[in-house]
Amino acid sequence: MGAALVLFLLWMAATWLLEGRPRTLLRPDAVVDRLIYAAVANLLIGTLCTAIVLAIAVRSGTGSLDDAGYGASSPSFSWLALGAAAGILAFAARGAPSWDPIVIANVFAQVLPVSIAEALVCWSLIGGLLRPALGAPQWRAGAVAGIVASAFFGLYHFGHSPPFDSVIMVAFLSAVGLLTSVVFLVSRDIYATIIFHNFLATIGVADSLATSGQLHRMASPQGPLLALAALALLLLIALDVLLIRRVGRDRD
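Residues numbered from 1 in each chain as written. Predicted model: local features only at pLDDT ≥ 70, side-chain atom pairs only at ≥ 80, totals over all residues. Heavy atoms only, no water.

Peer 1: Quick question: what am I supposed to make of the packing of helix α5 (residues 101–134) against helix α8 (residues 190–211) here?
Peer 2: Helix-helix packing is characterised by the crossing angle of the two axes and by the distance between the axes. Contact pair α5 / α8: the axes reach a minimum separation of 8 Å and the direction vectors enclose 130 degrees. Relative to α8, the element α5 is oriented oblique. Like other packed secondary-structure pairs, α5 and α8 cross with a definite hand, here right-handed. Along the contact surface, α5 presents Val-107, Phe-108, Gln-110, Val-111, Leu-112, Ser-115, Ile-116, Glu-118, Ala-119, Leu-120, Trp-123 and Ser-124, while α8 presents Ile-190, Ile-194, Ile-195, His-197, Asn-198, Phe-199, Ala-201, Thr-202, Val-205, Ala-206 and Leu-209. The residue makeup of the contact of α5 with α8, split by class, is 16 nonpolar, 6 polar and 1 charged. (Axes fitted to C-alpha atoms, helices over the stretch in contact; angles between N-to-C directions. Helix = DSSP H or I, 4+ residues; strand = E, 2+ residues; numbered from the N terminus. Parallel < 35°, antiparallel > 145°, perpendicular 65-115°, else oblique. Left-handed = near helix turned anticlockwise from the far one by under 90°. Contact = heavy atoms within 4.5 Å. Nonpolar A, V, L, I, M, F, W, Y, C, P; charged D, E, K, R; others polar.)

Pasting the structure below:
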């Protein structure tokens, strides 16, 4: 758990240095800055380093594949479909700032590396390690772990660009994070959690871009963003197959 907290602080510090301080996400033209931020803070620290800590926790017995969202032998396509459907419904219910498929694809791709890191650090690692450590009945431990994971998700945004770094917004995002906690705790599937969570993130970033008058810049395909999103997804799958579930099988 100490390693998880250190990793969280390192991830948050990298986010502030590469995104929050230069306000990278609010500058659609800053493609290089966004790529550097996503690669260092989210692919390297939030995804790769988190997967390594998770694997160590599973090998040592202080964590489990089920608590981390990797309990099944492979991702559940049923939960993936439900996670996507719930995310689309949330997107529609919130009042999407744009239904242009290219705009949605670009924003979805922009936030996917972040959402993968958020789900892994806050829910899979911190929430997943906390649940068995509480020693409480399963439902109660799960509820507490979900609340704590949501709070860490909110706190992480102090490292982000305005308006996400305000106290009110952090409190609001912590509350929104409870929705992701419900999906994670019910599905026990990290992939379904990520896709649902990424729709929530798409809503927030699209709203911010629309408010700042920058959303129109997403009206044409953003190749680097789409490529980085694909790379983040491939990294997630590779670490799942080659590291996390393999360690779990070896331990069993």
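Peer 1: I keep staring at unusual backbone geometry and nothing clicks. Help me out?
Peer 2: Note: most residues except glycine have negative phi, and most peptide bonds are trans. Geometrically, the link from Pro-162 to Pro-163 is a cis peptide bond, its omega value of 5 degrees lying close to zero. Tracing the backbone through its elements, the reader meets Pro-163 in the loop between α6 (138–156) and α7 (167–187). Look at Arg-23: it is not a glycine, yet its phi comes out positive at around 55 degrees. Along the chain, Arg-23 turns up in the loop between α1 (2–20) and α2 (31–60). Unusually for a residue other than glycine, Arg-188 sits at a positive phi of about 55 degrees. Position of Arg-188 among the secondary structure elements: in the loop between α7 and α8.

Peer 1: Where do I start with the environment of Ala-192 in this structure?
Peer 2: Along the chain, the position of Ala-192 falls in helix α8. Every residue in contact with Ala-192, bar those within four places of it in the chain, is listed here: Trp-79, Leu-80, Gly-83, Val-183 and Ser-187.

Peer 1: Would you mind going over the pattern of salt bridges with me for this structure?
Peer 2: Opposite charge on two side chains lets them pair, provided their charged atoms get close. Following the criterion strictly, the structure yields 3 salt bridges and no others. Across the pair Asp-67 and Arg-131 runs a salt bridge, and its minimum N-O distance is 3.8 Å. Taken together, the positions of Asp-67 in helix α3 (residues 65–68) and Arg-131 in helix α5 put the pair 64 residues apart, joining distant regions of the chain. Take Asp-67 and Arg-131: they sit in the same class, and that class is buried. Across the pair Arg-188 and Asp-67 runs a salt bridge, and its minimum N-O distance is 3.3 Å. Separated by 121 residues along the polypeptide, Arg-188 in the loop between α7 and α8 and Asp-67 in helix α3 bring together distant segments of the chain. Judged by relative accessible area, which is 11%, Asp-67 ranks as buried. Through salt bridges with shared partners, a single ionic network connects Asp-67, Arg-131 and Arg-188. (Salt bridge = Lys/Arg side-chain N within 4 Å of Asp/Glu carboxyl O. Buried < 20%, exposed > 50% of the residue type's maximum accessible area, 1.4 Å probe, protein only.)

Peer 1: I would appreciate a short explanation of the packing of aromatic side chains in the present structure.
Peer 2: Think of a pair of aromatic rings as described by two things: how far the centres are apart, and how the planes are tilted against each other in angle. Inspection of the entire model under this criterion finds 5 aromatic pairs. Relative to Phe-152, the ring of Phe-8 has its centre 4.9 Å away and its plane inclined at 90 degrees; by these criteria the two rings are edge-to-face. Residue Phe-8 is found in helix α1, and its partner Phe-152 is found in helix α6; the two are separated by 144 residues along the sequence. For Phe-8, a relative accessible area of 3% gives the class buried. Between Trp-123 and Phe-153, the aromatic rings sit 5.5 Å apart at their centres with planes inclined by 45 degrees, giving tilted as the arrangement. With Trp-123 in helix α5 and Phe-153 in helix α6, this residue pair connects regions lying 30 residues apart in the sequence. Given the relative accessible area of 1%, Trp-123 is considered buried. The class for Phe-153 is buried, based on a relative accessible area of 5%. Put simply, the rings of Phe-8, Trp-11, Phe-152 and Tyr-156 pair up and form one aromatic cluster. The ring of Trp-16 is capped by Arg-21, whose NZ or CZ atom sits 6.0 Å from the centre of that ring. (Phe/Tyr/Trp six-rings, centres within 6.5 Å; stacked < 30°, edge-to-face > 60°. Lys NZ or Arg CZ within 6 Å of the ring centre and 35° of its normal.)

Just distances and angles here, no functional claims.
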